[in-house]
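Residue-level structure breakdown
Here is how the chains run, residue by residue.
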Amino acid sequence: MRLLVTGGAGFIGANFVHSRVRTAPQDRVTVLDALTYAGSREALAPVEDAVRLIEGDVADADLVDKLVAEADAVVHFAAETHVDNALADPEPFLHTNVVGTFTVLEAVRRHRVRLHHVSTDEVYGDLELGSTQRFTESTPYNPSSPYSSTKAAADLLVRAWVRSYGVRATISNCSNNYGPYQHVEKFIPRQITNVLTGRRPKLYGSGANVRDWIHVDDHNSAVERILADGQPGRTYLIGADGERDNLTVLRTILRLMDRDPDDFDHVTDRAGHDLRYAIDSTPLRQELGWTPRHTDFEAGLRATIQWYRDNESWWGPMKDTVEAKYAERGQ
Ligand code: NAD
Ligand code: DAU
């Protein structure tokens, strides 16, 4: 298969490319990535001989048209992804997430190429703390932030292109990922690298907010299943029953790193902070036979901590800039 992976130099996309090169070595994989602050050539270094990396904007219609014309399928990861950045400056989110997805859709429509669009559970808004409710494929869209509203817009464009033009596209909405190559702006790597650089971890508000954690390899194995056997037009929710509140996750990191459980700062809460996410992934499991493999969260965290210990050359150069930006925002 000739596969075009947008955003393949970012966290989830790079892990996807690594595993695809291992499991389907006969594929020809092209990555289109703008190499923003969130993307890096180094994330693809382990597979550089097996992958063609094109540096470019997913909203560049001529470039995207040319690359899609050469592909059998597109997996669309490229996005601006960080909620705090969207609150500070939403414009790049509209450009990449909305115009970028529109650009991909127009190209796959012209060339009749299969598309898998990678999205987030944040399009559904949030759930009450303490409730047992979970998001399903029929939960109404109710995004809270500039980030999630642009992802919701992108999903709705995909649905409309399926219905109006018969584009062969699937969508997946996944919960919070963790694992290697996650940018140090995100919660788990930020706290790990704070400890590793002698800074105190930072918790927004009381830490009661709940996220439904999934290892990035489990997210990507689900994307593989959907790409292979998903039904065009369908939306699949991806989650691994990993609900935990932020304070618990932070205290687990502190324990695994031999720190005192109170060795962190409470900082200014995020505006409009979503309370709780939880995914019901029954249809994906029953219809496509997918199961997550990394269900021991503590083992996954331990391995992730070790990865950040071993790969300071990758994250070290970004750390000061990220923390300076957070400090300006009181976070
Ligand atoms: P990331 O921020 O680590 O990587 C995004 C990648 O997209 C980067 O390599 C960046 O350079 C690239 N990019 C940004 N703007 C671009 C543009 N205009 N043109 C081309 N490339 C561009 O993000 P991630 O965490 O790997 O997320 C990947 C996808 O998965 C996103 O669509 C995100 O919404 C979705 N998602 C993420 C999570 C999560 O927990 N991280 C959960 C569910 C869904
Ligand atoms: O649910 C899927 C989404 O998960 C993806 O669509 C997003 O792209 C991804 O960034 C992630 O969004 P969150 O906002 O949930 O992730 P983040 O890592 O920014 O924060 C996780 C939780 O931790 C959230 O409740 C905010 C909190 N937090 C975050 C940071 C960076 C802290 O308490 N302290 C921090 O320093």
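Residues numbered from 1 in each chain as written. Chains lettered and ligands numbered in written order. Predicted model: local features only at pLDDT ≥ 70, side-chain atom pairs only at ≥ 80, totals over all residues. Heavy atoms only, no water.

What about the overall build of the protein chain?
Along the protein chain, the regular secondary structure elements total eleven helices and 13 strands. Over its C-alpha trace the protein chain gives a radius of gyration of 19 Å, about what one expects of a compact globule, namely 20 Å for 331 residues. With respect to the three principal axes, the spread of C-alpha positions in the protein chain is 55 × 45 × 35 Å. Evaluated residue by residue, the protein chain yields a buried proportion of 56% over its 331 residues. For the protein chain, restricting intrachain contacts to residue pairs at least 6 apart in sequence, the fraction spanning at least 24 positions comes to 80%. Carbon and sulfur atoms form 48% of the exposed surface of the protein chain, whose accessible area is close to 13,800 Å². The protein chain carries 37 positive and 48 negative side-chain charges, and their two centres are separated by 3 Å. (Helix = DSSP H or I, 4+ residues; strand = E, 2+ residues; numbered from the N terminus. Rg over C-alpha atoms; globule rule 2.2 N^0.38 Å. Buried < 20%, exposed > 50% of the residue type's maximum accessible area, 1.4 Å probe, protein only. Contact = heavy atoms within 4.5 Å. Areas by Shrake-Rupley, 256 points an atom, 1.4 Å probe, with all protein chains shown as cover. Lys, Arg positive; Asp, Glu negative; His and termini not counted. Charge placed at Lys NZ, Arg CZ, Asp CG, Glu CD.)

With respect to the packing of helix 6 (residues 187-196) against helix 8 (residues 246-256)
Across the interface, helix 6 lies against helix 8 with an axial gap of 10 Å and an inter-helix angle of 35°. Crossing hand, helix 6 versus helix 8: right-handed. The residues of helix 8 that touch helix 6, namely those facing F187, I188, Q191, I192 and V195, are N246, V249, L250, I253 and L254. Taken together, the residues of the contact of helix 6 with helix 8 sort by class into eight nonpolar, two polar and no charged. (Axes fitted to C-alpha atoms, helices over the stretch in contact; angles between N-to-C directions. Left-handed = near helix turned anticlockwise from the far one by under 90°. Nonpolar A, V, L, I, M, F, W, Y, C, P; charged D, E, K, R; others polar.)

Description of the environment of Y178
Mapping Y178 onto the fold places it in strand 7 (residues 177-178). Y178 sits 121 residues away from D57 along the chain, and the two C-alpha atoms are 25 Å apart. Residues within four places of Y178 in sequence aside, it is in contact with F11, I188, W213, I214, H215, V216, H294, D296, F297, G300, L301 and T304.

A word on the sheet that holds strand 2 (residues 28-33)
With respect to topology, seven strands assemble into an open sheet ordered 3-2-1-4-5-6-11, the strand pairing being parallel. Edge positions in the open sheet fall to strand 3 (51-55) and strand 11 (235-238), since each of these has one partner strand only. The sheet shows a mean angle of 20° between the axes of neighbouring strands, taken without regard to direction. In this sheet, strand 2 lies alongside strand 1 (residues 2-6) in parallel orientation, the contact comprising five bridges. The residue bridging T6 from the neighbouring strand is L32, located in strand 2. Seen against the sheet, helix 5 (residues 146-165) touches strand 5 (114-120), strand 6 (169-174) and strand 11 and runs at an angle of roughly 155° to strand 5. (Pairing = 2+ DSSP bridges.)

Focus on the environment of G239
Within the secondary structure, G239 sits in the loop between strand 11 and strand 12 (243-245). With 104 residues separating them along the chain, G239 and F135 place their C-alpha atoms 9.9 Å apart. If sequence neighbours within four positions are ignored, G239 has contacts with S175, I214, I279, S281, R285 and W290.

As for the pattern of salt bridges
In this structure the tally under the stated criterion is 25 salt bridges. For R109, the salt bridge goes to E106, with nearest N and O atoms at 3.0 Å. Of this pair, R109 and E106 both sit in helix 4 (residues 91-111), three residues apart, which is roughly one turn of that helix. Three or more residues are tied together by salt bridges with common partners; here these are R134, D241, D280 and R285. (Salt bridge = Lys/Arg side-chain N within 4 Å of Asp/Glu carboxyl O.)

Digging into the pairing of strand 2
Regular strands show a simple pattern: their side chains alternate between the two faces of the sheet. Most of strand 2 sits out of view: five of its six residues are buried. The sheet contact formed by strand 2 and strand 3 spans five bridges and is parallel. By the bridge assignment for strand 3, V31 is matched with L53.

Observations regarding empty space enclosed by the protein
For the coordinates displayed, the defined rule picks out one cavity of 30 Å³ or more. Taken as a whole, the largest cavity holds about 50 Å³ of empty space. Forming the walls of the largest cavity are V83, E122, S144, S145, R211, R270, A271, G272, H273, D274 and Y277. Class assignment of the residues belonging to the lining of the largest cavity gives a composition of three nonpolar, four polar and four charged. (1 Å grid on protein atoms, 1.4 Å probe; cavity = no way out; pocket = protein on both sides within 12 Å on 5 of 7 lines; lining within 4 Å. Points joined across faces, edges and corners; volume = space filled by probe spheres on them.)

A few points about unusual backbone geometry
Glycine aside, the phi torsion of most residues is negative, and most peptide linkages are trans. With a phi close to 50°, L35 is a non-glycine residue in the positive phi region. Within the secondary structure, L35 sits in the loop between strand 2 and strand 3. One non-glycine residue, D258, adopts positive backbone phi at about 60°. Inspection of the secondary structure assignment puts D258 in the loop between helix 8 and strand 13 (265-267).

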